[in-house]
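Now for the letters of each chain:
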Amino acid sequence: MRAGEGRGELQCLARALCRFRWVPYDAVPPAERRAYVRLQLLAWSPFEDNGYAVASGRDGAMAFAWDQRAFEQRAQAAGLPTQPARMLPETMLLPAHDEGLVLQACSTGVEGQFWRGRQLVSSRWWPEAPDGAAWLNFQRSAGVPAAAQVPEPPVCDRSKGPRWLDEPWAPVTSLSAMIEHARLRVHAIAATLLAALLLPTLWLLHANWAMAQQVDALEAEKAQLTSQAQPVLTARSQSLAALASLDTLVAAVSHPDALTLLSHVATLLPGDGSRIRKLEMDGRRLRLVLTVPAGRPRIAYVRALEGGGWLQDVREDTQDATPGTVALVAEIHGNMPPATATARAPGASLPRTGVVAPGAGR
Amino acid sequence: MNQWLDELRRKPRLQAGLAVVLALLWLLGLLELSDALDAARREKARLIDEVARLRTVGAEQHWPATRDQTQARLADHRALAWREESEGRMQAMLQDWLREQLAAVGVQPRELVVIVLPARTVLPSEQGRKSELPADMRIARARVSFEFKPDALHQVLARLPASRRWIWVSRMSVDNDSQRVVELELEALFVLGARESS
């Protein structure tokens with residue numbers, strides 16, 4: 001373990017303390033690869049409390065795991081930060097290779113590596129350079145084709161010491177960052193949904209509150225106006241009630257005056273010897289049967305009866321027609337002839353003089 | 001409770017389901033709020049109209065005078081109605097009065113029948129509206145027939161206003177031919193109540 005550039009931001013973890021796993025994901029859809037790797041690493045979990053460094057390649061992820069608790073104890077013992085900003089296995093800071101088998105000297109021990117397409121697909125650490133059998137075992141477990149296998153490990157010059165890179169040869173992320181990323185996404189979705197619900201809720205609450213204030217103000221104004229206008233309102237409702245009752249009474253007692261009607265009809269009939277044979281008044285409908293001189297045109301009687309303006313819609317009733325008679329029906333408009341129509345009370349309505357009785361035309 | 005919470009933490013589907021249920025409940029709450037806002041808007045519009053009406057009515061200072069005039073006219077009209085304490089008395093009173101009037105002009109009635117129309121009688125007015133009499137008012141209807149003599153009919157009709165009460169001819173049939181008969185249907189407006197002491 002070494003401190004990165006003396007600032008405590010980066011701590012490089014010895015390969016001896018790490019375990020490596022190649023997680024192939026070439027058969028997994030790109031959108032699901034992060035979740036797939038996350039699940040694979042959580043299932044792997046070689047220590048009770050794991051730290052991870054993951055580098056994504058073209059065909060799979062290169063994952064290093066270490067005992068986080070043991071690391072923190074060692075860092076504490078060495079006086080280094082137990083939660084550095086960045087932790088990298090030293091393999092990531094040693095030179096990368098394109099293809100083939102490599103025996104890499106580490107800060108402690110050596111690391112056997114198998115590279116394919118600039119991806120580290122297999123790695124194993126030994127405290128000393130492995131013998132031929134161990135090397136063959138490593139090649140077999142790494143899936144090196146038999147034709148490409150070599151019986152002896154390459155020569156590793158440990159006298160020069162490791163050649164450190166300033167930056168790792170591939171972007172490295174931690175499992176916690178991956179989990180955090182997924183969690184952040186969930187949180188972002190949740191926050192969006194929450195905002196989508198919260199914003200209209202707040203707007204509606206505010207609008208309701210504002211509306212309630214306005215309604216309260218109007219209620220108060222209405223109460224004030226009602227108390228001010230109460231005498232007028234009372235008088236108005238009493239007036240309207242009295243007016244309705246008055247209308248009803250007026251409607252009940254509003255009828256054509258029979259005596260005036262008889263006089264009116266007698267006055268209107270021409271003095272040609274005609275006389276009233278029958279007279280029927282039913283409400284506002286009047287029916288007359290007149291005995292008329294022979295050859296006298298009927299229109300003379302219709303015109304005469306319409307002349308006063310009180311009788312309207314005068315027409316002949318042909319149902320009861322007999323020779324020498326004219327039957328006429330008419331509508332009585334109003335209670336009195338237009339010339340004398342005024343608001344009347346009983347006892348003040350009848351003409352006192354000049355009344356012509358029915359049959360005056362005889 | 002803790003066990004349930006642990007289970008909730010372990011099961012993302014349960015969390016998602018719970019979130020969906022909560023979101024639906026929240027949406028329902030939003031709809032309720034929206035409905036409440038609409039109702040408040042309607043209430044506000046109603047109150048604005050009401051306040052405007054009150055302002056207008058409050059400025060109409062003529063209503064007390066109008067009420068006094070209308071009530072006076074109503075009282076005058078009611079004072080002209082006949083007054084009896086029961087429908088039976090109405091019937092008898094009108095019949096007596098009519099017999100008296102007919103006798104005074106020397107007319108012998110062939111028929112004289114009086115009935116009292118039921119309470120709340122609906123009467124069509126000239127304008128076509130239908131109005132209902134107040135509960136304490138009745139209309140008594142009399143059917144009278146007698147021999148037609150022009151002077152007698154004139155005198156009978158002329159005596160009606162002499163009562164200085166509401167009485168009118170609702171139907172009249174004069175046969176001046178072979179039968180020489182007059183049929184009158186008279187209606188009188190009554191108030192159900194104690195007679196005023198004269």
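Along each chain, the written sequence defines residue order, and numbers are assigned to residues from 1. Chains carry letters and ligands carry numbers; both start at the beginning, A for chains and 1 for ligands, and go up in the order they are written. Note on the predicted model: pLDDT of at least 70 is required for a residue's local features to be given, and 80 or more for side-chain atom pairs to be given and counted; whole-chain, interface and lining totals, by contrast, use all residues.

Caption draft 1: The overall build of chain A, seen in detail. Per the convention used, a helix needs a DSSP run of H or I reaching at least four residues, while a strand needs a run of E reaching at least two, with both numbered from the N terminus. Along the backbone of chain A there are six helices and 14 strands. By the criterion used throughout, residues are in contact when their C-beta atoms, derived from the backbone, lie within 7 Å. For chain A, the proportion of contacts with a sequence separation of at least 24, taken over those separated by at least 6, is 59%.

Caption draft 2: Seen up close, the overall build of chain B. The secondary structure content of chain B amounts to five helices and seven strands. Traced from its N-terminal end to its C-terminal end, chain B shows the element sequence α-α-α-β-α-β-β-β-β-α-β-β. Looking at the 198 residues of chain B, the share that counts as buried comes to 21%. Within chain B, counting contacts between residues at least 6 apart in sequence, those at least 24 apart form 69% of the total. Between the buried cut of 20 or more and the exposed cut of 12 or fewer other C-beta atoms within 10 Å of a residue's own C-beta lies the partly exposed class, and all C-beta atoms are placed from the backbone.

Caption draft 3: Inspection of the packing of helix α4 (residues 175–253) of chain A against helix α2 (residues 12–59) of chain B at higher detail. Following both chains from N to C, one finds α4(A) and α2(B) inclined at 25 degrees, their axes separated by 7 Å at the closest point. One finds that α4(A) runs roughly parallel with respect to α2(B). The crossing of α4(A) and α2(B) is left-handed. Only the stretch in contact is used when fitting a helix axis, every axis being a line fitted to C-alpha atoms; angles between N-to-C directions are given from 0 to 180 degrees. Should an angle lie under 35 degrees it is considered roughly parallel, over 145 roughly antiparallel, and from 65 to 115 roughly perpendicular; all remaining angles are considered oblique. Should the near helix be turned anticlockwise from the far one by less than a right angle, the crossing is left-handed, and should it be turned clockwise, the crossing is right-handed.

Caption draft 4: Up close: the interface of chain B and chain A. Chain B puts 62 residues into the contact, and the matching count from chain A is 58 residues. Breaking the side of chain B that touches chain A down by element, the ones donating at least two residues are α2, α3 (63–79), β4 (130–132), α5 (150–159) and β6 (167–175) of chain B. By residue number, the principal contributor to the side of chain B that touches chain A is α2(B), which donates 19 residues. For this scheme, ten residues count as nonpolar: Ala, Val, Leu, Ile, Met, Phe, Trp, Tyr, Cys and Pro. Four count as charged, namely Asp, Glu, Lys and Arg, and the remainder, Gly too, count as polar. Within the side of chain B that touches chain A, the residues separate by chemical class into 32 nonpolar, 14 polar and 16 charged. Bridge count between strand β11 (residues 275–282) of chain A and β6(B): five bridges; the pairing is antiparallel. Opposite A:Glu280, over in β6(B), you have B:Ser173 as the bridge partner. At least two bridges found by DSSP between two strands are what make those strands a pair.

Caption draft 5: The arrangement of the nonpolar core in detail. One nonpolar core equals one set of buried Ala, Val, Leu, Ile, Met, Phe, Trp, Tyr and Cys residues connected by C-beta atoms within 7 Å. Among the nonpolar cores identified, the biggest contains 55 residues, and A:Ala258, B:Ala140, B:Ala188, B:Leu189 and B:Phe190 are the most heavily contacted of them. It is strand β7 (residues 181–192) of chain B that contributes the most residues to this core, seven residues altogether. The next biggest cluster of nonpolar side chains, apart from the first, holds 25 residues, and it includes A:Cys12, A:Leu13, A:Ala63 and A:Ala75.

Caption draft 6: Main features of α3(B). The first and last C-alpha atoms of α3(B) sit 24 Å apart over 17 residues, in line with the 24 Å expected at 1.5 Å per residue. Every buried residue of α3(B) is accounted for by B:Trp63, B:Arg67, B:Thr70 and B:Leu74. The arc that holds every buried residue of α3(B), seen down its axis, measures 75 degrees, which confines them to one face. Across from the buried face of α3(B), at angles greater than 90 degrees, the exposed residues are B:Ala65, B:Ala72, B:Ala75 and B:Asp76. As for α3(B), its buried residues are in contact with α4 of chain A. Helix span, as expected, comes to 1.5 Å for every residue beyond the first. This arc corresponds to the set of directions leading from the helix axis out to the C-beta atoms.

Caption draft 7: Region of the structure containing the sheet that holds strand β9 (residues 119–126) of chain A. All names here are of chain A. The three strands are arranged β7-β8-β9 in an open sheet whose pairing can be described as antiparallel. In this open sheet, the two edge strands, each paired with only one partner strand, are β7 (100–105) and β9. Averaged over all pairs of adjacent strands, the angle between their axes in this sheet comes to 20 degrees, without regard to strand direction. In the sheet, β7 pairs with strand β8 (residues 110–116) via six bridges, with the strands oriented antiparallel.

Caption draft 8: Fine view of unusual backbone geometry. Residue and element names in this part refer to chain A. One non-glycine residue, Ser 45, lies in positive phi territory at about 35 degrees. Within the fold, Ser 45 resides in the loop between α1 (33–44) and β4 (50–56). Residue class for Ser 45 comes out exposed when judged on the 12 C-beta atoms lying within 10 Å of it. Unusually for a residue other than glycine, Asp 313 sits at a positive phi of about 55 degrees.

Caption draft 9: Here's a closer look at the sheet that holds strand β3 (residues 18–24) of chain A. Residue and element names in this part refer to chain A. The strand order across the open sheet formed by four strands is β3-β5-β4-β10, and the pairing between neighbours is antiparallel. Each of the sheet's edge strands pairs with one partner strand only, and the pair in question is β3 and β10 (172–173). Sheet topology places β3 next to strand β5 (residues 60–67); seven bridges connect them, and they run antiparallel. Opposite Phe 20, over in β5, you have Phe 64 as the bridge partner. Helix α2 (residues 68–78) contacts β4 and β5 of the sheet and is inclined by roughly 55 degrees relative to β5.

Caption draft 10: Inspection of the environment of B:Val191 at higher detail. Residues and elements named next belong to chain B. Along the chain, the position of Val 191 falls in strand β7. The spatial distance from the C-alpha of Val 191 to the C-alpha of Trp 82 is 6.0 Å, given a sequence separation of 109 residues. Setting aside residues up to four positions removed in sequence, Val 191 forms contacts with Arg 78, Ala 81, Arg 83, Asp 136 and Met 137.

Caption draft 11: Representation of the environment of B:Ile167 in the model. Residue and element names in this part refer to chain B. With respect to the helices and strands, Ile 167 occurs in strand β6. Overall, the presence of 25 C-beta atoms within 10 Å leaves Ile 167 in the buried class. When the C-alpha atoms of Ile 167 and Ala 188 are compared, they prove to be 4.2 Å apart, with 21 residues separating the residues in sequence.

Caption draft 12: A look at the packing of α1(A) against α4(A). Residues and elements named next belong to chain A. Direction vectors running N to C along α1 and α4 enclose 130 degrees, while the axes themselves pass 10 Å from each other. Regarding the angle of α1 to α4, the classification is oblique. Relative to α4, the crossing made by α1 is left-handed. Judged by residue contacts, Arg 34, Ala 35, Arg 38 and Leu 41 of α1 engage Leu 175, Met 178, Ile 179 and Ala 182 from α4. For the contact of α1 with α4, the residue count by class is six nonpolar, no polar and two charged.

Caption draft 13: A look at the confidence of the model for chain A. All names here are of chain A. Taken over all residues, the pLDDT of chain A has a mean of 84, while the share at 70 or more is 91%. The quantity called pLDDT is the predictor's confidence in a given residue, expressed from 0 to 100. This model gives residues 1–7 a pLDDT under 50, and the stretch forms 15 contacts once residues within four places in sequence are excluded. Predicted confidence is poor over residues 341–362, with pLDDT under 50, and the contacts of this stretch with residues over four places away or in other chains come to 54 contacts.

Caption draft 14: Layout of helix α3 (residues 132–142) of chain A. Residues and elements named next belong to chain A. When we look at burial in α3, the residues that qualify are Trp 135, Phe 138 and Gln 139. The buried side chains of α3 occupy one side of the element, clustering within an arc of 95 degrees when seen end-on. In α3, the exposed residues that point more than 90 degrees away from the buried face are Ala 133, Arg 140 and Ser 141. Buried residues along α3 sit against β7, β8 and β9. With its phi angle positive at about 80 degrees, Gly 143 sits one or two positions after the end of α3.

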